[in-house]
Amino acid sequence: MQHFDAIVIGGGLVGSAIAYGLAREGLKPALIDEGDVAFRASRGNFGLVWVQSKGLGAPHYQRWTRLSAEEWPKLAAELGERTGVAVGLEQPGGVQLCLGDEELAARREMMEQMRAEAGNFGFDYRMLDRAELAGMLPGLGPAVTGGSWTPYDGHVNSLYLLHALHKGFVERGGTYLPNRTVDYAAAQPNDFRLGSGADEIAAPKIVLAAGLGNAALAPLFGLSAPVRPQRGQILVTERAGRVWPIPLGSLRQTLEGSIMIGSSEEEVGFDTGQKPDVMQAIARRAVETFPYIAELQIVRAWAALRVMPPDGKPIYDESEKFPGAFTANCHSGVTLAGAHANAFAPMVAAGALDPMMAPFSAKRFDVPQAA
Amino acid sequence: MFRKRPESTVATVGVTVEGRDIRVPEGASAAAAVLLAGFASIRETPATGAPRAPFCLMGVCFDCLAEIDGIANRQSCMVTVAPGMAIRRQLGKRAVDPK
């Protein structure tokens with residue numbers, strides 16, 4: 001039996017960021033990672049640090065996302081200094097482009113509501129008309145009617161991020177245990193034991209960050225994580241010279257020059273296959289947005305599964321039955337990495353979630369439905 | 001550095017590599033033309049500018065990227081030569097013309 005200060009289940013971006021934060025807080029954590037059989041949303045995501053569309057009707061989520069965006073430059077700098085891995089963060093703000101009048105009107109209404117809900121906290125945004133956008137983005141397609149801008153958004157190389165978090169975690173004294181599944185779990189208040197093959201490990205704290213695996217793990221610890229898979233498909237072009245100064249939501253150009261094209265949402269269970277109709281739809285929208293994209297070759301394409309809570313907003317919880325057990329679930333492992341490493345991990349290290357996290361509890365799904 | 005095999009077919013197709021005239025057999029790839037023309041490299045990588053030459057010759061490594069007849073980033077090992085084909089260096093990232 002190996003003893004640790006904390007166990008984090010899940011070596012993706014959510015688990016790695018939390019584990020890294022715990023190690024920085026001075027704990028000796030273990031990070032359990034599954035292996036190539038896992039769905040690994042962290043290896044298939046789009047790489048946005050995206051704030052502007054998060055938290056409509058849920059100001060706590062907008063605040064949490066903003067907190068993460070504020071922590072991001074610190075995290076990126078710290079990872080660069082400690083690990084030598086440059087994660088390529090650029091945070092110049094972002095624009096969500098709208099095609100057609102209906103989309104633009106809906107976007108305007110949404111952004112106004114976000115600002116109203118933000119209250120004294122504020123929400124800095126501006127609607128840009130076609131003429132303003134055309135000045136900033138030459139070659140804009142005729143279908144683009146306008147867009148919304150916020151200063152908070154950015155993007156990053158999420159594979160370097162995952163690598164840097166793992167490297168930083170180990171350098172700060174964490175123990176990385178790859179190719180492990182949880183064969184059995186025993187939970188007592190502040191006393192958790194896991195068996196994986198011949199290994200047995202124990203810790204007074206445990207964080208479930210196993211993505212879609214959390215749905216099955218959470219009940220073992222008196223928690224609930226009703227997450228479902230939602231498929232997204234991505235197309236990637238050949239590398240080209242810089243065309244956009246900022247990320248554009250479902251379009252972004254990496255530092256290396258590739259243009260990434262998203263984003264689709266499909267409810268197809270655990271199927272990670274790619275479908276031509278969806279690939280065509282996202283490619284068509286990209287070309288309507290910028291006709292010159294049609295000249296670029298697609299060199300890679302993939303599908304991955306988002307970790308989606310029932311209402312699309314993250315779930316963070318601590319177990320009442322077994323204090324010391326926590327859960328983190330979201331589909332924004334990149335955007336929220338700053339909050340996970342610099343805010344959530346310190347709460348876990350302190351032993352309790354901050355009251356600001358209460359609205360994220362899975363208890364919100366227990367409300368009986370009106371007849 | 002590279003020679004044609006003795007049993008190979010006669011070089012009948014005229015192409016240019018970086019403006020240099022070269023004849024290659026019908027059915028050969030543009031990458032073969034690059035090698036026969038004696039160039040030590042055909043592209044410079046977008047990441048570091050390091051020189052690269054055709055390597056795997058089977059469409060996998062992308063080290064044979066060239067501008068062929070004005071189209072950037074083509075895998076020259078996957079392109080069959082045609083009379084008058086113009087093969088040029090791919091220097092770093094391709095440019096995009098937003099128009």
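Residues numbered from 1 in each chain as written. Chains lettered and ligands numbered in written order. Predicted model: local features only at pLDDT ≥ 70, side-chain atom pairs only at ≥ 80, totals over all residues.

(A) Layout of the domain arrangement of chain A. Residue and element names in this part refer to chain A. Here chain A is described as being made up of domain 1 (2–82 + 158–226 + 311–366), domain 2 (94–150) and domain 3 (228–308). Put simply, the middle of domain 1 and the middle of domain 2, counted by C-alpha atoms, are 33 Å apart. Taken together, the eight residues of domain 1 in the interface contact eleven residues of domain 2. For the side of domain 1 that touches domain 2, the residue count by class is four nonpolar, three polar and one charged. (Domains from an automatic or database assignment. Contact = placed C-beta atoms within 7 Å. Nonpolar A, V, L, I, M, F, W, Y, C, P; charged D, E, K, R; others polar.)

(B) Seen up close, the interface of chain A and chain B. Between chain A and chain B, the contact holds eleven residues from the first and ten residues from the second. Here the side of chain A that touches chain B is built from residues that sort into four nonpolar, four polar and three charged.

(C) The arrangement of the environment of Gly88 of chain A in detail. Residue and element names in this part refer to chain A. In this fold, Gly88 is placed in the loop between helix 2 (59–83) and strand 5 (94–99). On the neighbour-count criterion, Gly88 (18 C-beta atoms within 10 Å) is partly exposed. Separated by 159 residues in sequence, Gly88 and Pro247 have C-alpha atoms that sit 13 Å apart. When sequence neighbours within four positions are dropped, the list of residues in contact with Gly88 reads Val156, Asn157, Tyr160 and Leu255. (Helix = DSSP H or I, 4+ residues; strand = E, 2+ residues; numbered from the N terminus. Buried ≥ 20, exposed ≤ 12 C-beta atoms within 10 Å, placed from the backbone.)

(D) A look at the packing of helix 1 (residues 13–24) of chain A against helix 5 (residues 158–171) of chain A. Residues and elements named next belong to chain A. Two numbers describe how helix 1 lies on helix 5: the axes approach to 9 Å, and their chain directions differ by 35°. Helix 5 is crossed by helix 1, and the crossing has left-handed handedness. Note on element contacts: helix 5 touches helix 1 through Ser158, Leu161, Leu162, Leu165, His166, Gly168 and Phe169, opposite Leu13, Ser16, Ala17, Ala19, Tyr20 and Ala23. Looking at the contact of helix 1 with helix 5, its residues break down into nine nonpolar, four polar and no charged. (Axes fitted to C-alpha atoms, helices over the stretch in contact; angles between N-to-C directions. Left-handed = near helix turned anticlockwise from the far one by under 90°.)

(E) The arrangement of the sheet that holds strand 9 (residues 175–177) of chain A in detail. Residues and elements named next belong to chain A. Pairing is mixed in the open sheet, where six strands are placed in the order 9-3-2-13-19-18. With one partner strand each, in any of the chains shown, strand 9 and strand 18 (315–318) form the two edges of the open sheet. Sheet twist, expressed as the average angle between the axes of neighbouring strands with direction ignored, equals 15°. Across three bridges, the pairing between strand 2 (residues 6–9) and strand 13 (residues 206–208) is parallel. Note that in strand 13 the partner of Ile9 across the bridge is Leu208. Its contacts with the sheet put helix 8 (residues 337–350) on strand 2, strand 13, strand 18 and strand 19 (325–329), and the angle it makes with strand 19 is roughly 160°. (Pairing = 2+ DSSP bridges.)

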